[in-house]
Amino acid sequence: METTSLCRVLSYTKLPGSGLCNSDVRFLSSVPRGRHLACFSRHSSNGFSGLSKTLVISNSCSKTQNHAVLKGPFLSGDIIQKRILNSQANWSVGVCTLGENVESHHAHATEEKIGVLLLNLGGPETLQDVQPFLYNLFADPDIIRLPRLFKFLQRPLAKLISVLRAPKSKEGYAAIGGGSPLRRLTDEQANAIRMALEAKNVKANVYVGMRYWYPFTEEAIEQIKRDRITKLVVLPLYPQFSISTTGSSVRVLHDIFREDAYLSRLPVSVILSWYQRQGYISSMADLIKEELEKFAKPEEVMIFFSAHGVPVSYVEDAGDPYKDQMEECIYLIMQELKARGIANDHTLAYQSRVGPVQWLKPYTDEVLVELGQKGVKSLLAVPISFVSEHIETLEEIDMEYKHLALESGIENWGRVPALGCTSSFITDLADAIVEALPSAKALSASREVTEEPEYDPVRYLVKLFFGSILAFFLLLTPRVVHAFRNHVF
Ligand SMILES: C=CC1=C(C)c2cc3[nH]c(cc4nc(cc5[nH]c(cc1n2)c(C)c5CCC(=O)O)C(CCC(=O)O)=C4C)c(C)c3C=C
Ligand SMILES: [Fe+2]
């Protein structure tokens, strides 16, 4: 039995083609650069047996049994993404345990009840849902990031922005049939993952928890409690990590788990990002190849990755790894295509900006116009931040951007569908879940339950009143007035 209190983020790598299909190497890294990393290797035929060997070496780790070598240097808290050498494929996944103190233990198959919680954004199911959905979204401090002093403005601002934004959003949802397909599509993915796990002899309940609409994460967690799940893997359905997506959902989970005696003792493993998994990369490459072949001259098509944007301040001030991960993800997909003899030009741009602040550049709409002006005639749009169809693929890309591209001189337009329930992709997610199981750790071994902060309606109303006045003045700043004039919200 190994114990360490050092670990916060741990990453592990599966070695496909090694002959040991569930053999892996796990790295616990929460020590400063140049210090020791603990490397645990585990062997089993079903992926559930305990640790068989422990190595502690400086900034590198080798596992001779199947010729895997991992090289540092690593930073404290890093999600290790280095490549396995001497292996046909590079698979790695960042896994974060919810707890600070890590106790490695042998998982016993007896009476184990595995749960998988898929996290997603959620979307309004009807047009009446749009404004309250937007309220939930803008009330999230990871979406509208206010300085601490102005936190009390969060809800009044959310109310204001959601009311202002609702008409534009409603138009979008009306254009795709009157609501978001996200709940149905995520339920389908949940079912497909459950079956893929079953095919691997892993029986699991799969739950869906949405951040801003039904079924809310809180509801999913209530069900997990009722079902007496004994081990949980949390899989956010965003390939790349962003503070605004996975970060926000995991923060909510953390808050809920900390306050609950049962949940704080439930072993949990959170998969923070999975954009580098070979199964995901090759599934994306499959879809791109298939769509390219529909063009008359596939080799002349510009592959246009359109990622969901985030405000620049997330990356530059708050350290959001989203941009780096996005760039690496696209690099890996292009490498995979190259390995298949496809060497088209490609570019990356960011879509869906909201509000008057600077977002990651270049912007999708501007690049489309530039490409048209430069004489690009054929373009294949690839949505890359998300794995289901939703308003930003079905309306923004398929309608708005397509129209803009054709107006700008692009003659042949194509779009890669979202991965959805593509079987190679679902199988890979199931693998990621199986690989994450052994690292599940409890948030806390104690029964400590944090008390709810007292709700004081008078205080809330006073804050709401002054907040609204402040928000009103904020709205009169030239930048915001300009933003409204240009329908930025
Ligand atoms: C205002 C800030 C927003 C940030 C930051 C943001 C990041 C972000 N969002 C997604 C994925 C999705 N967002 C979706 C809808 C949506 N997002 C915002 C705002 C921000 N998103 C708004 C206002 C909306 C509502 C729709 C609209 O009015 O434009 C959805 C769609 C869900 C659906 O109903 O179909 C997805 C998916 C990512 C991946 C991301 C950061 C990386
Ligand atoms: Fe969004």
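Residues numbered from 1 in each chain as written. Chains lettered and ligands numbered in written order. Predicted model: local features only at pLDDT ≥ 70, side-chain atom pairs only at ≥ 80, totals over all residues. Heavy atoms only, no water.

Chemist: For the overall build of the protein, give the residues involved together with the corresponding values.
Modeler: Counting its secondary structure elements, the protein contains 14 helices and 17 strands. Taking all 489 residues of the protein together, the buried fraction comes to 54%. (Helix = DSSP H or I, 4+ residues; strand = E, 2+ residues; numbered from the N terminus. Buried < 20%, exposed > 50% of the residue type's maximum accessible area, 1.4 Å probe, protein only.)

Chemist: Outline the sheet that holds strand β14 (residues 302-308), supporting the account with residue identities and numerical values.
Modeler: Read from one edge to the other, the open sheet built from 4 strands follows the order β15-β14-β16-β17, with strand pairing classed as parallel. Two strands bound the open sheet, and with one partner strand each, they are β15 (346-351) and β17 (412-415). Each strand axis lies, on average, 25 degrees off the axis of its neighbour in the sheet, ignoring direction. Of the strand pairs in this sheet, strand β16 (residues 378-383) and β17 are connected by 4 bridges, and their pairing is parallel. For Leu 379, the partnering residue across the bridge sits in β17 and is Trp 413. Running over the sheet, helix α7 (residues 278-292) touches β14, β16 and β17 and is turned about 155 degrees from β16. (Pairing = 2+ DSSP bridges. Axes fitted to C-alpha atoms, helices over the stretch in contact; angles between N-to-C directions. Contact = heavy atoms within 4.5 Å.)

Chemist: Any chance you could break down the nonpolar core for me, citing the residues and the numbers?
Modeler: Grouped together as the largest cluster of nonpolar side chains are 62 residues, with contacts concentrated most on Leu 197, Leu 235, Tyr 280, Ile 288, Phe 305, Ile 333 and Ile 384. Residue contacts for Leu 235: discarding those within four places in its chain leaves Leu 117, Leu 118, Leu 119, Ile 193, Ile 271, Trp 274, Leu 429 and Ile 433. Of all hydrophobic cores here, the second largest spans 22 residues; its members include Leu 119, Ala 220, Leu 266 and Val 268. (Core = buried A, V, L, I, M, F, W, Y, C linked by side-chain atoms within 4.5 Å.)

Chemist: Describe helix α9 (residues 322-339), listing the residues and the values that go with them.
Modeler: If you check α9, its first and last C-alpha atoms are 26 Å apart, about what 18 residues at 1.5 Å a residue would give, namely 26 Å. Within the sequence span of α9, burial applies to Tyr 322, Gln 325, Met 326, Glu 328, Cys 329, Ile 330, Leu 332, Ile 333, Met 334, Glu 336 and Leu 337. Lining the buried residues of α9 we find β13 (268-273), α7, β14 and β15. Phi turns positive one or two residues past the end of α9, at Gly 341, with a value near 85 degrees. (Expected span 1.5 Å × (residues − 1).)

Chemist: So what's going on with the state of the cysteines? Residues and values would help.
Modeler: The tally for this structure, following the rule as stated, stands at 0 disulfides. Of all cysteine sulfurs, the one in Cys 421 lies closest to Cys 329, which takes part in no disulfide; the gap is 19 Å. Note on Cys 421: relative accessible area 37%, which makes it partly exposed. (Disulfide = S-S within 2.5 Å.)

Chemist: Which residues make up the environment of Gln 335, and what values do they have?
Modeler: The residue Gln 335 is located in helix α9 in this model. We classify Gln 335 as partly exposed; its relative accessible area is 35%.

Chemist: How would you sum up the environment of Asn 205? Please name residues and give values.
Modeler: Position of Asn 205 among the secondary structure elements: in strand β11 (residues 204-210). It is 25 Å that separates the C-alpha atoms of Asn 205 and Pro 124, two residues lying 81 residues apart in sequence. Apart from the residues lying within four places of it in its own chain, the contact partners of Asn 205 are Lys 113, Ile 114, Gly 115, Val 116, Asp 227 and Ile 229. Reaching out from Asn 205, the side chain makes a polar contact with the side chain of Tyr 207 at a distance of 3.0 Å. (Polar contact = N/O pair within 3.5 Å; in protein donor to acceptor, adjacent residues only side chain to side chain.)

Chemist: Pulling in residues and values, what's your account of the packing of α7 against α9?
Modeler: Here α7 crosses α9 at 60 degrees, and the two axes come no closer than 9 Å. Seen from above, α7 lies across α9 with right-handed handedness. Between α7, through Gln 278, Tyr 280, Ile 281, Ser 282, Met 284, Ala 285 and Ile 288, and α9, the contact on the second element is made entirely by Cys 329, Leu 332, Ile 333, Glu 336 and Leu 337. Across the contact of α7 with α9, the residue classes tally to 9 nonpolar, 2 polar and 1 charged. (Left-handed = near helix turned anticlockwise from the far one by under 90°. Nonpolar A, V, L, I, M, F, W, Y, C, P; charged D, E, K, R; others polar.)

Chemist: Can you explain helix α4 (residues 217-226)? Please cite residues and give values.
Modeler: Taken as a whole, α4 has its buried residues at Thr 217, Ala 220, Ile 221 and Ile 224. Each buried residue of α4 sits inside an arc of 100 degrees when the element is viewed along its axis, so together they form one side. On the buried face of α4, the contacting elements are β10 (114-120), β11, β12 (231-236), α5 (243-258) and α6 (261-265). Immediately downstream of α4, the backbone of Arg 228 shows phi near 55 degrees, a positive value. (Arc of directions from axis to C-beta.)

Chemist: I'd like a rundown of the pattern of salt bridges, residues and numbers included.
Modeler: Think of it this way: side chains of opposite charge can pair up when their charged atoms draw near. Here the structure, examined in full by the defined rule, presents 22 salt bridges. Residue Lys 231 is joined to Glu 112 by a salt bridge in which the shortest nitrogen-to-oxygen separation is 3.7 Å. You can see Lys 231 sitting in strand β12 and its partner Glu 112 sitting in the loop between β9 (102-103) and β10, a full 119 residues away along the chain. We classify Glu 112 as partly exposed; its relative accessible area is 23%. (Salt bridge = Lys/Arg side-chain N within 4 Å of Asp/Glu carboxyl O.)

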